[in-house]
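The lines below spell out each chain.
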Amino acid sequence: MPILSIFSLNKFLSKSILFFVLFYAFTLSAQEPFLRKISFLEGMPSDVIYDMYVSKKGLLYLGTDKGLVSYDGVHFILYPFDENLSNSVNSIQEDENGVIYCKNFSNQIYFLSNDRLNLDKTFNDLISKRELSVVEFSVLNKQKVLLTPNEFYTFNKNKPALLFESKRQIDKNDFFHLAYNSLKNEYYISSLQSILVFKKYSLIKEIETEQNQKILETHHGKVCFVSKSDINAINVFGKNINTNNLKTTNLNRLSSCGSELWICTNDGILEVNTNKGIVENPFLSGKRISDIVIDKEGNHWISSLDNGLFFMPSLKLKNLSIKGVDEQKKPNFSRVRIAKNGHFFVATSTGCVFEFDENGKQLLKYQSENKTEIEFITFHNDMIITSAGVFKIGNPNPISDIRMYLGKEVVIDRYGNFVMASSTYAGLLASDFKTKIIIPENFEKYEIKKFGLSANFLCLRERRARTVFYDKNTNIYYVAYNDDLYYYDKNGDENIIKLPNDDEIIVSEMLQHNDGSIWIATTQKGIVQIKNQKVVKHLTIKNKLSSNNCRRIEIDDETLWILNDKGIETYNFKTSEVKNASANLCMKGITINDFIIKNDTIAFITNEGIFYTNKNFLDVNYVPQFEFTGIWINRKKAAFKNDLALDYTQNNIQIDFRTIHYKSLGDYTYEYRFKNIDNKWNTITSDASNVKFSSLKSGNYVFQIRVKYGDITSEIKELHFEIKKPFWLQWWFIILEILGVVFLVYLVNKRAVLRTKRRQEVKEQLALSQLTALRSQMNPHFMFNVLNSVQGLIYSNQKSKASEYLGKFSDLMRKILEASDKKEITVEKEFEMLDMYISLEKSRFDTDFEYKINLPTSIDLSQYVIPSMIIQPFVENAIKHGLMHKIGLKELKINGEIINEYWQFVIDDNGVGRAKAEKINKSFKNHKSFATNAIGSRISLINKVSSSKIEIMVEDKFSNTNEPLGTKITILIPVKTL
């Protein structure tokens, strides 16, 4: 509800330095509610708040000096104004369609749409045209109305109509506030001397009042107001409320919160008791309170003009203020115990123990000398035993002659001994710290040691102990060490209790139930119940415990109360049901160190103070309120609706959502998945406000999401959408694809048949070329020359030389015939034949013919293959056409080497050259270069069936005077090994 806007802002924001005194006796420590301040650390945009409103959806809106702000329990969203005018929002309302309206100090009225504030044309056209100053507006009752200092307007089809005008001349500012009564469908306008009542846009009543400025409120269908004058007054249902204790502070407004009515002042907030006619329950003293609202969970929100926002989960959850504690250096409250007289004692981290009576009244503060953290409290006769010192009840000073550290825990056995757990051992100690220990029967075997200056100590085991428990029913001592849980029976025997899986039990606390069983809180193994020294029950996260790290337990009737690092939980002995009991406490960020239950009250000992409430308050659970807020497709915001049909290219999806849940303070998680695709739920924190999916495949999707808070899970919300298949996956296109594939297979098959046929033809031609090469190597002219040479040798009576020459010829013929049926031959054998061939040709010449073959010696030539008989035709041409016609020394050089995965064979002669050889050959009419044509055809065929090609390069050599010096042929053949 809006604050009266007719006051000047300076006056309204001025700080009051006065304090009010309650008119009745009141104990603040027993009544002040538990509050949490929402600060900048949680993202609060401003500490200056003028107005608040809870929407129909349950979202909290704040009118701040920075603009309109919404809050869902996790996210603050600021909606600033577009124009560079006043951003301060002093009035917020909601129409019947759920649209939020707000007004700033510049007399502008806006509405919220698509996360933007938009100027309302209906209101602002009238305001700007007539230069009106706005007192208040309303969009309730499906009707827009506007109040100025002197006029009351209504709008019919967005056209303004003056409904009422002030006739008073004594003051130009006659109207001060506007309120709407939804139960009676009435508008109330406060003027200086009266309250005007309108119904159906007609003035039906005028209620005379004292002459003052009045801020109106409706409560239970009736009008009430607070007066802004030298004499503060509160009028509820025509009855004045006693305000003697409020005369020295500014009254800002009345706020109706369900059944409660509150008065907001510049010195805190108080509740108006309409039955008694008084104000009571003051708190937030010194704070300038501007408003209070209640949300759908029952939480109260209190805004201030300079101290931000305060969160009050419930009036039933109280904060126990403690005298003698510095609020700026508040200690960590560590333990709590109740004495036999009903008083409860609270220990701190600074060595203090505070005593309170049954009504929560603080009685005494006990202070130890060493001021260390107190780890336990035990009562024995009139003594308070703690880890930091021993006190007598009623005496705040420690007993001077007992100055020793008493360890982690002390309990009393049936003999009056102290059973002590310390950081180095566990055992028995005399209860007066002086006399001898009463040693239980059968425990004589344990060693007696000195403790302190004069006390004796029976040491059970030298090991760090965590806590102890003595079972008076069985006289068994239980000692929890840091490695195992031990017990010492009445025979004095030492035994170990382990879990059924033989795991150790590391204990935090032990308590006994009425049935004699012992319940144990463990550090990492949950809760354990033992009977007759055997584990009979084991509760873990598998039994719905939120954590296995349990620190404290309490037994109350049929309930086991458990404190773990996730909060408070309960275990029902009858139903075996585990429930979260801290969902309503709103203590996120506060560490609960201990707790205690007495009758119907449960008190929590924390690092921030002591809080208490009725234990039934913890049974009420508020399910988080979830809603989808938007959807983005390919980074563009789209109209949100279910069953979206998207194109296959629209496959990048962002889904926006929001959860309204204040009690958790964001201590919840989201779980989401695609139904029928994901069996497992994915988890994200409450900080998230969207999930993104990239490159989704075509198909129908059902996006599911829920909110989990402790053991509370919200209803599953679903969003359905379809990503259509691309056209090439449509049925008609698939049929076309099938037909196309069939046709393509036909073409490929036909082409394969043709290719096979052509390959066969190439193979046949290649075989023919090999035969042709053979013919060229077995050239009749060459054979005739050889035989003629043999005949000459015989005639010259050189029979042995003729025989040798003929033998070489027969060897060459044999090798040629062997290679003729092979496609490939080793380099070694190829050059053996070539050497034999050249040596035979050399014998035909005189001594003027020399040749040289150079091959690499660092590699094994028998492991490399080349096409058979591919070098010889080029050598034959060099001899026959180049060297034969040369006069003088005839030289032939053949080199072979591997360069860049290729064999490079170079045939270099110093013959007459190709041009002169061609002229000589033309003189022989029947000459035909059979070998050259054959090898050319063969290389062409090989290149057709091979991925790596054979290359032939021919170079004519010339002198400086352009005389031919021979021919150089380079053959490049891909390297290939066996």
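The structure presented is a predicted model; accordingly, all values stated were derived computationally and were not measured. (Residues numbered from 1 in each chain as written. Predicted model: local features only at pLDDT ≥ 70, side-chain atom pairs only at ≥ 80, totals over all residues. Heavy atoms only, no water.)

The next thing to look at is the overall build of the protein. A tally of helices and strands in the protein yields 9 helices and 73 strands. Taking the contacts inside the protein whose residues are at least 6 apart along the sequence as the reference set, 53% of them involve residues at least 24 apart. Taking the average place of the 125 positive charges on the side chains of the protein and the average place of its 113 negative ones, the gap between the two points comes to 5 Å. (Helix = DSSP H or I, 4+ residues; strand = E, 2+ residues; numbered from the N terminus. Contact = heavy atoms within 4.5 Å. Lys, Arg positive; Asp, Glu negative; His and termini not counted. Charge placed at Lys NZ, Arg CZ, Asp CG, Glu CD.)

This part is about unusual backbone geometry. Residues other than glycine predominantly adopt negative phi, and peptide bonds predominantly adopt the trans conformation. Even without being glycine, asparagine 676 reaches a positive phi, approximately 70°. Counting through the fold element by element, asparagine 676 comes out in the loop between strand E61 (669-674) and strand E62 (682-685). Positioned with a positive phi, serine 695 is a non-glycine residue whose angle comes to about 55°. Note that serine 695 resides in the loop between strand E63 (690-693) and strand E64 (699-709). In this structure serine 695 comes out as exposed when scored by relative accessible area, which is 54%. (Buried < 20%, exposed > 50% of the residue type's maximum accessible area, 1.4 Å probe, protein only.)

What follows covers the packing of helix H5 (residues 799-819) against helix H6 (residues 827-842). The interhelical angle for the contact between H5 and H6, taken along N-to-C directions, is 145°, at an axis separation of 10 Å. Crossing hand, H5 versus H6: left-handed. Residues Tyr805, Lys808, Phe809, Asp811, Leu812, Lys815, Ile816 and Ala819 of H5 touch H6, and the partners they reach there are Glu832, Met833, Met836, Tyr837, Ser839 and Leu840. For the contact of H5 with H6, the class distribution of residues is 9 nonpolar, 1 polar and 4 charged. (Axes fitted to C-alpha atoms, helices over the stretch in contact; angles between N-to-C directions. Left-handed = near helix turned anticlockwise from the far one by under 90°. Nonpolar A, V, L, I, M, F, W, Y, C, P; charged D, E, K, R; others polar.)

With that settled, consider the sheet that holds strand E52 (residues 567-572). Spatially, 4 strands are ordered E50-E51-E52-E53 in an open sheet, and the strand pairing comes out antiparallel. Each having just a single partner strand, strand E50 (550-556) and strand E53 (578-580) make up the two edges of the open sheet. In this sheet, adjacent strand axes meet at a mean angle of 25° when their direction is disregarded. (Pairing = 2+ DSSP bridges.)

Pairing between sheet strands relies on hydrogen bonds along the backbone, with the strands arranged either parallel or antiparallel. Taking strand neighbours across the sheet as the criterion, the 4 strands line up as E6-E7-E8-E9 in an open arrangement whose pairing is antiparallel. Of all strands in the sheet, those with a lone pairing partner are strand E6 (89-94) and strand E9 (116-119), marking the two edges. Sheet twist, expressed as the mean angle between neighbouring strand axes with direction ignored, is 30°.

All told, the structure shown has 33 salt bridges when counted by the stated rule. For lysine 121, the salt bridge is made with aspartate 125, and the minimal N-O distance between the two is 2.7 Å. Here aspartate 125 and lysine 121 lie together in helix H2 (residues 121-130), a separation of 4 residues that amounts to about one turn. Aspartate 125 sits in the partly exposed class, given a relative accessible area of 37%. A salt bridge links aspartate 594 to arginine 552; the shortest N-O distance between them is 4.0 Å. Pair noted here: aspartate 594 is in strand E54 (residues 592-598) and arginine 552 is in strand E50, with a separation of 42 residues, a long-range link. Residue aspartate 594 is classed as buried on the basis of its relative accessible area, which comes to 2%. Salt bridges sharing partners connect three or more residues here, namely Arg335, Arg337, Glu509, Arg552 and Asp594. (Salt bridge = Lys/Arg side-chain N within 4 Å of Asp/Glu carboxyl O.)

Moving on, we come to the packing of H6 against helix H7 (residues 872-883). One can describe the packing of H6 onto H7 by two numbers: an axis separation of 10 Å at closest approach and a directional angle of 20°. Regarding the angle of H6 to H7, the classification is roughly parallel. Judged by the twist between their axes, the crossing of H6 over H7 is right-handed. Note on element contacts: H7 touches H6 through Gln872, Val875, Glu876 and Ile879, opposite Glu830, Leu834, Tyr837, Ile838 and Glu841. (Parallel < 35°, antiparallel > 145°, perpendicular 65-115°, else oblique.)

Before going further, it helps to examine the packing of aromatic side chains. Enumeration according to the criterion identifies 58 aromatic pairs in this entry. For the ring pair phenylalanine 152 and tyrosine 187, a centre distance of 6.1 Å and an interplane angle of 65° mean the geometry is edge-to-face. One end of the pair, phenylalanine 152, is in strand E12 (residues 151-156); the other, tyrosine 187, is in strand E15 (residues 186-191), and 35 residues separate them in sequence. Between tryptophan 519 and phenylalanine 573, the aromatic rings sit 5.3 Å apart at their centres with planes inclined by 40°, giving tilted as the arrangement. Of this pair, tryptophan 519 sits in strand E47 (residues 518-522) while phenylalanine 573 is found in the loop between E52 and E53, placing the two residues 54 residues apart along the sequence. Three or more aromatic residues joined by ring pairs form one cluster here, namely Phe626, Phe628, Phe640, Phe657, Tyr668, Tyr670, Tyr672, Phe674, Phe693, Tyr701, Phe703 and Phe721. Arginine 461 extends its terminal NZ or CZ atom over the ring of tyrosine 481, reaching a point 4.7 Å from the ring centre. One Lys or Arg, arginine 706, reaches over the ring of tryptophan 681 and ends 4.0 Å from the middle of that ring. (Phe/Tyr/Trp six-rings, centres within 6.5 Å; stacked < 30°, edge-to-face > 60°. Lys NZ or Arg CZ within 6 Å of the ring centre and 35° of its normal.)

A few words now on the side chain of serine 862. Along the chain, serine 862 falls in the loop between strand E68 (849-854) and strand E69 (865-867). Reaching out from serine 862, the side chain makes a polar contact with the side chain of glutamine 863 at a distance of 3.5 Å. If we skip the residues at most four places from it in the chain, serine 862 touches Thr826, Glu828 and Leu978. (Polar contact = N/O pair within 3.5 Å; in protein donor to acceptor, adjacent residues only side chain to side chain.)

Along strand E51 (residues 559-564), 6 of the 6 residues are buried, which leaves the element largely enclosed by surrounding structure. With burial as the criterion, each face of E51 is covered, one bearing Thr559, Trp561 and Leu563 and the other bearing Leu560, Ile562 and Asn564. Pairing between E50 and E51: 6 bridges, direction antiparallel. Paired with isoleucine 553 across the bridge in E51 is isoleucine 562. A loop of 2 residues connects E50 with E51, the two strands running antiparallel in sequence, and aspartate 557 in this loop sits at a positive phi of about 55°.

As a further point, take a positive patch on the surface. Together, Lys184, Lys199, Lys200, Lys205 and Lys222 make up a region of like positive charge exposed at the surface. When you line up the elements, lysine 184 lands in the loop between strand E14 (175-181) and E15. Looking at lysine 184, the relative accessible area reads 41%, which means it is partly exposed. (Patch = residues over 30% accessible without salt bridge, like charges linked within 9 Å, V, L, I, M, F, W, Y side chains within 5 Å. Areas by Shrake-Rupley, 256 points an atom, 1.4 Å probe, with all protein chains shown as cover.)

Positionally, isoleucine 241 belongs in strand E21 (residues 239-241). Sequence separation of isoleucine 241 and valine 272 is 31 residues, and the distance between their C-alpha atoms is 8.1 Å. Apart from residues no more than four positions distant in its own chain, isoleucine 241 is found in contact with Ile234, Val236, Val272, Gly277, Ile278 and Val279.

In the predicted model, the protein carries a mean pLDDT of 87, and the fraction of residues at 70 or more is 91%. When the criterion is pLDDT under 50, residues 1-30 qualifies, and its contacts beyond four places in sequence or with other chains add up to 84 contacts. (pLDDT = per-residue confidence, 0-100.)

Restricting attention to buried positions, one finds in H2 the residues Thr122, Phe123, Asn124, Leu126 and Ile127. For H2, the secondary structure elements touched by its buried residues are strand E8 (109-113), E9, strand E10 (136-138), strand E11 (145-147), E12 and strand E13 (159-165). At the N-terminal boundary of H2, the capping side chain belongs to aspartate 120, with an oxygen 3.2 Å from the backbone nitrogen of threonine 122. In the stretch just after H2, glutamate 131 is the one whose phi turns positive, near 50°.

Counting 42 residues, the largest nonpolar core has Ile871, Val875, Leu892, Phe905, Ile907 and Ile971 as the members making the most contacts within it. Sorting the residues of this core by element identifies H5, H6, H7, strand E70 (890-899), strand E71 (902-909), helix H9 (930-944) and strand E73 (964-974) as the ones contributing at least two each. Setting aside residues up to four positions removed in sequence, leucine 892 forms contacts with Ile838, Phe849, Glu850, Tyr851, Lys852, Val875, Ala878, Ile879, Leu883, Ile907, Asp908 and Asp909. Among the nonpolar cores identified, the runner-up in size contains 30 residues, and Tyr79, Val89, Cys102 and Phe311 belong to it. (Core = buried A, V, L, I, M, F, W, Y, C linked by side-chain atoms within 4.5 Å.)

As a further point, take the side chain of threonine 522. Position of threonine 522 among the secondary structure elements: in strand E47. Its relative accessible area of 0% is what places threonine 522 among the buried residues. At 2.8 Å, the side chain of threonine 522 forms a polar contact with the backbone nitrogen of lysine 525. Leave out the neighbours within four places in its chain, and threonine 522 touches Ile505, Ile506, Val507, Ser508, Val528, Asn548, Asn549 and Cys550.

What follows deals with the environment of asparagine 141. As for its placement among the helices and strands, asparagine 141 is situated in the loop between E10 and E11. Here the alpha-carbon distance between asparagine 141 and serine 959, two residues 818 residues apart in the chain, equals 115 Å. Aside from chain neighbours lying at most four places away, what touches asparagine 141 is Tyr180, Asn185 and Tyr187. Looking at asparagine 141, its side chain comes within polar contact range of the side chain of asparagine 185, at 2.7 Å.

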